[in-house]
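# Coordinate inspection notes
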Amino acid sequence: MTETTRLADLTHDELYLHCIRCGLCLYTCPAYLETLLEPDSPRARIALVRAAAEGRLDYSERFADRIHRCTLCTACEKVCPSGVEVEKLLVEGRADLAEAGLLSPGVRRLTESLAANHNISGEDNSRRLIWTENLPQPPLGAGKAQAKMAYFVGCVSSFFPASYSIPQSMTRLLEAAGEDYALLGEQEQCCGFPLLVSGQEPRAEEMMRHNLERVRALGADTVVASCPSCYHMWKHVYPEVLGELGLRVLHATEWLADALEQGRLKLKPLPGRVTYHDPCDLGRKSGIYDAPRRVLRQVPELELVEMRDHHANALCCGGGGNLESHNPDLSGALAERRVQQAVDTGAQYLVSACQQCKRTMANGLRLLTKKGVKARLRVMDLMELVERQLE
Amino acid sequence: MVNTAIVEELRGIVGADYVLTDPADLASYAYDGTFQERRPALVVSPATTAEVVAVVKVAARERLPITARGMGSGLAGASIAGEGGLVLSLTRMNRILEIDQENMMATAQAGVITGDLQNAVAAVGLMYPPDPSSLKHSTLGGNAACGAGGPMCLKYGVTQDYVQALEVVLADGEVLRCGGKNIKDVTGYNLVDLFIGSEGTLGIITELTVKLIPKPAATRTAKAVFPRMDDASAAVNRILLSGVLPSKLEIMDGTTIECVEDYLHCGLPTDAEAILIIETDGDAVNAQREIETAAQVCKDSGASEVQVARDAKEADELWLARRSVSGSLGRARPNKLGEDISVPRSAIPEMVRRIKEIAFRHELRIVVFGHAGDGNLHPNILFDRRDPDELRRVEEAVADIFAAAVELGGTLSGEHGVGTLKLPYLEMAVGPVAMRVMRGIKGALDPLNILNPGKVLPRELHCERA
Ligand SMILES: Cc1cc2nc3c(=O)[nH]c(=O)nc-3n(C[C@H](O)[C@H](O)[C@H](O)COP(=O)(O)OP(=O)(O)OC[C@H]3O[C@@H](n4cnc5c(N)ncnc54)[C@H](O)[C@@H]3O)c2cc1C
């Protein structure tokens, strides 16, 4: 179309101009669905950023609160007829707020820990392999100096005990498939994602560069990540910021789907109903919907059912965009809503492919159960489920 | 006008989280689906009729103007509060209270999203036909208050034809229940219809009972591509005269097609001057026969290509394209002013010609789409409000479009309402006698002029009499 300006040609601060405030995004927004208040809608967040940019509204604590009450799940972007890039806009908004000293207190603690320890946990980064300590023997990839593949574990799985079993399963699967892989151990740093979404790109860049150097030092040609956010960073943001990587970047589900279809792993039957939750960073933001479902189809006797909202329409679990650091209650309420959708399918397993989704939804399940909802449901990561089925 | 004591009193009624006064929150209720913007003094979100009553009583006592708000998708500036006003947001009143299958009626709170009601009744084989393109982002209360229509309304009628009963909180906090489940009812004045299109100026709708119909067994959809706009608009009447009553008959012009195609990439012909999208329904045989007739008429009227959708998926894609029109216009220019003129069907070709001529004269881009079958067209003027000269030309073009519509026997608005945007032209369209009657009605129901003052009728007109 000749006269129409392409959005890609526009600078970010022009992006909000294209919001015509039709309101179509409201019903896609998990936070809005929870409170039914306009300030919790994408349309309002865009309006706030715009009003501030145009000098009609001052930054304030409430302003910052509203901008942070968003999981950056981008469900709104998927339906926006005007093509407003909401995530970009809000990340920029957060950057401005950070500069004005109005970063959410919870998010500030998180980023301070990142600066000090290069991970989100607050623990010393030398403890990166703590998740391997209760294994009968250390993973083969630990301490390896050279390997074809680097497994990038990510902060949450490395440091949060409830998630240890994800890298434990993943390493066991890599080994069962005979993969030549290495862990970065204490040389692994945060992928940069939490800094980037709170608008602190320069700090993120340092860690990104460090991680890339470590992977290159292994002589690896492939990076595999079980965390969708790490994966998204490696796949899409690293090349944008650091230039061509010369590496194949895979999400664990992609690697696993191939390994299963090539017959490199043999699985026992699992007679049961499973529903799959698409993590925002893996589905909507990276376009990976099929790989995890291909994996599930390889499990004999397993019945895969979809929730009401799935694929590009999947409802966010509430764990994205640093919302959990900013407002744990809202994050929990979002998780409840998502888990309820899984309960409604009658599934016995709610499976995701993201440690953060698993944590958030396990919490959502607890909250629901506390309210008396009868849910015979287990929340698991896809890696855990498949590893259990190894022959 | 709003002091802390009032805020505290309101918080006591609806809960602290549901009274908003922070500038950042007020900025979130400053707009609707137009380019207008004005911040209210405060926002109150009640959850029950009792809370609405209590809030209205406080407002009446304090002479605080109240603007009801649904999802703020309105296209007339009607849900934007005036200076110092209170926005009464009804989105939390979102419960479907009853689906009465035997009488084929549903009762719901005013804040229920129209699409949610449609889905709920479809699950039991019933249909709620009014289908504004905004069905996923507008409320039943807003639809009633604006008299919303949609493609389906050609055959099945508009919101007004489906609202059977209302619960309305009046300006003094009294609760009026009018209408009922009786299909026929001439017991006194028709109070239900009085509130249709009243844009929050006569009362706050809190609950609605709407009629449902059985879902037709089959639908067929076709797309007809016209190299010439004139031929497309002429084809509309020919189809209707051929004895076919399509369930939907929509028109989109060239620029509209380009914007939607840029959004959806669904293979619309970007070099055509217009397309018609036609749907027929009924039993399978009937729907098929009618779509074939309509397709033939299009071919005979200059269509270069007519394609009948092969399956539901193809049909859904076409209707998604149609629903996306309004939203996707943001791709072309930052602002749009969507008009909503309604003309006798026979005047469509002439009206379209005049719109194009007006666009040319004022050097503006005006796109045309709409519900061709019932003469309700949406000329949308695309502009950038940061350009004062362009803004002036927009205003002139609006006046010209309204004048042309009225001259052709038409009127200003078919389904979006008057709000503030069309207010200056109201008298031109309805005449002084109707204006006096409307003012009388407003005075009778809202003697203090606190219900959305300055919408539909000028604020002062009423004050003069009071
Ligand atoms: C992309 C887009 C497409 C659209 N397509 C159509 C279409 O096809 N057909 C159509 O008819 N309209 C359409 N509209 C316009 C708009 O969606 C309708 O006017 C809709 O009825 C408004 O509903 P709402 O809940 O958003 O009301 P709001 O915009 O919040 O309010 C509109 C008016 O109704 C009043 N109101 C709202 N709720 C109540 C209540 N409970 N009691 C009393 N007064 C109340 C408000 O005071 C205001 O005057 C479209 C809008 C957009 C942005």
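Provided above is the structure to which this section pertains.
Residues numbered from 1 in each chain as written. Chains lettered and ligands numbered in written order. Predicted model: local features only at pLDDT ≥ 70, side-chain atom pairs only at ≥ 80, totals over all residues. Heavy atoms only, no water.

This part covers the overall build of chain B. Summing up its helical and strand segments, chain B has 16 helices and 18 strands in all. Across the 466 residues that make up chain B, the buried fraction comes to 60%. Of the accessible surface of chain B, which amounts to about 17,500 Å², a share of 51% is contributed by carbon and sulfur atoms. Of the charged side chains in chain B, 47 are positive and 62 negative; the average position of the first set lies 1 Å away from that of the second. (Helix = DSSP H or I, 4+ residues; strand = E, 2+ residues; numbered from the N terminus. Buried < 20%, exposed > 50% of the residue type's maximum accessible area, 1.4 Å probe, protein only. Areas by Shrake-Rupley, 256 points an atom, 1.4 Å probe, with all protein chains shown as cover. Lys, Arg positive; Asp, Glu negative; His and termini not counted. Charge placed at Lys NZ, Arg CZ, Asp CG, Glu CD.)

So, on to unusual backbone geometry. Despite not being glycine, E301 of chain A shows a phi value in the positive range, around 70°. Classification of E301 of chain A by relative accessible area gives exposed; the value is 55%.

Our focus in this paragraph is the interface of chain A and chain B. Listed as interface residues are 38 residues of chain A and, on the opposing side, 45 residues of chain B. The contact between chain A and chain B buries some 3,400 Å² in all, and 52% of this surface belongs to carbon and sulfur atoms. In this structure, R66 of chain A engages D25 of chain B in a salt bridge whose closest nitrogen and oxygen atoms are separated by 2.8 Å. Taken together, the connections running from chain A to chain B amount to 21 residue pairs in polar contact (both at pLDDT 80 or more). In terms of residue count, helix 3 (residues 42-53) of chain A provides more of the side of chain A that touches chain B than any other element does, 5 residues in total. (Contact = heavy atoms within 4.5 Å. Buried area = accessible area lost by both parts, 1.4 Å probe. Salt bridge = Lys/Arg side-chain N within 4 Å of Asp/Glu carboxyl O. Polar contact = N/O pair within 3.5 Å; in protein donor to acceptor, adjacent residues only side chain to side chain.)

This paragraph deals with the pairing of strand 10 (residues 204-211) of chain B. All names here are of chain B. Counting buried positions along strand 10 gives 7 out of 8 residues, so the element sits mostly inside the fold. One ladder, built from 5 bridges, connects strand 6 (residues 105-109) with strand 10; its direction is antiparallel. Each residue of the ladder has a partner; that of A108, found in strand 10, is L208. Direction of pairing for strand 8 (residues 163-169) relative to strand 10: antiparallel, over a ladder of 6 bridges. Pairing of A165 across the sheet is with T209, part of strand 10. (Pairing = 2+ DSSP bridges.)

Each regular strand carries side chains that alternate between the two faces of the sheet. Residues and elements named next belong to chain B. In this sheet, strand 9 (residues 175-179) lies alongside strand 8 in antiparallel orientation, the contact comprising 5 bridges. The residue of strand 9 that forms the bridge with L166 is C178. Remark: 5 residues form the turn of the hairpin made by strand 8 and strand 9, two consecutive strands paired antiparallel; G173 in that turn has positive phi of roughly 95°.

What follows is about the sheet that holds strand 16 (residues 335-338) of chain B. Within a sheet, each strand pairs with its neighbour through backbone hydrogen bonds, oriented either parallel or antiparallel. Residue and element names in this part refer to chain B. Reading across the sheet, the 7 strands line up as 15-12-14-13-17-18-16 and stay open at both edges, with antiparallel pairing between neighbours. Each edge of the sheet is formed by a strand with only one pairing partner; in this case those strands are strand 15 (305-308) and strand 16. For this sheet, the mean inter-axis angle between neighbouring strands, taken without regard to orientation, is 15°. The sheet contact formed by strand 13 (residues 248-253) and strand 17 (residues 365-371) spans 2 bridges and is antiparallel. Residue I251 lies in a different strand from strand 17, and its bridge partner there is G370. Where helix 9 (residues 254-264) meets the sheet, its contacts fall on strand 13, strand 14 (274-282) and strand 17, and the angle it forms with strand 13 comes to roughly 90°. (Axes fitted to C-alpha atoms, helices over the stretch in contact; angles between N-to-C directions.)

Glancing now at the environment of E87 of chain A. All names here are of chain A. If you trace the backbone, E87 turns up in helix 6 (residues 86-99). Taking C-alpha positions, E87 is 16 Å from L315, a pair spaced 228 residues apart along the chain. Those residues in contact with E87 that sit more than four places away from it in its chain are L72, T74, E77 and K285.

Below, the discussion takes up the site of the ligand. The full set close to the ligand counts 35 residues, and A68, G70, S73, S134 and T139 of chain B are the nearest of them. Looking at what sits near the ligand, you find residues from chains A and B. Separating an oxygen atom of the ligand from a side-chain N or O atom of S73 of chain B is a distance of 2.6 Å. I205 of chain B is positioned with one of its backbone polar atoms (N or O) 2.8 Å from a nitrogen atom of the ligand. With the chains in place, 99% of the 970 Å² that the ligand exposes on its own is no longer accessible. Among the elements of the structure, strand 3 (66-69), helix 5 (140-146) and strand 10 of chain B are those that each provide at least two residues to the shell around the ligand. Considering every element that reaches the shell around the ligand, the biggest residue donor is helix 5 of chain B, with 5 residues. When grouped by side-chain class, the residues that make up the shell around the ligand number 13 nonpolar, 19 polar and 3 charged. Each of domain 1 (4-91) and domain 2 (96-214) of chain B accounts for three or more of the residues forming the shell around the ligand. (Near = heavy atom within 4 Å. Nonpolar A, V, L, I, M, F, W, Y, C, P; charged D, E, K, R; others polar. Domains from an automatic or database assignment.)

Looking now at the nonpolar core. Formed by 111 residues in total, the largest nonpolar core has its most connected members in W234, W255, L256 and L385 of chain A. Of all the elements, helix 12 (residues 228-242) of chain A adds the most residues to this core, at 7 residues. Dropping the residues within four chain positions of it, L256 of chain A is found in contact with L173, L265, V295, M383 and V386 of chain A. In terms of nonpolar packing, the next biggest core, distinct from the first, is built from 50 residues, I341, I348, A397 and L412 of chain B among them. (Core = buried A, V, L, I, M, F, W, Y, C linked by side-chain atoms within 4.5 Å.)

Residue and element names in this part refer to chain B. Strand order across the open sheet formed by 4 strands is 1-2-4-3, with mixed pairing between neighbours. Each edge of the sheet is formed by a strand with only one pairing partner; in this case those strands are strand 1 (19-20) and strand 3. Summarising the sheet, strand 3 and strand 4 (residues 86-89) pair through 4 bridges and their orientation is parallel. Each residue of the ladder has a partner; that of R69, found in strand 4, is S89.

Let us now look at the pattern of salt bridges. Side-chain pairs of opposite charge can arise whenever the charged atoms involved come near each other. Under the definition given, this model contains 56 salt bridges over all chains. In this structure, the salt-bridge partner of R69 of chain B is E38 of chain A, at a minimum N-O distance of 3.1 Å. Of this pair, R69 of chain B sits in strand 3 while E38 of chain A sits in the loop between helix 2 (30-35) and helix 3, placing the two residues on different chains. Of the two residues, R69 of chain B and E38 of chain A, neither departs from the other in class, the shared state being buried. The partner of E167 of chain B in a salt bridge is R177 of chain B, and the shortest N-O contact between them spans 2.9 Å. Of this pair, E167 of chain B sits in strand 8 while R177 of chain B sits in strand 9, and the two are 10 residues apart along the sequence. Among the residues examined, E167 of chain B registers a relative accessible area of 7% and is labelled buried. Through salt bridges with shared partners, a single ionic network connects R21, R50, E54 and R56 of chain A together with E37 of chain B.

So, to be careful, I would describe these as geometric facts and stop short of saying anything about function.
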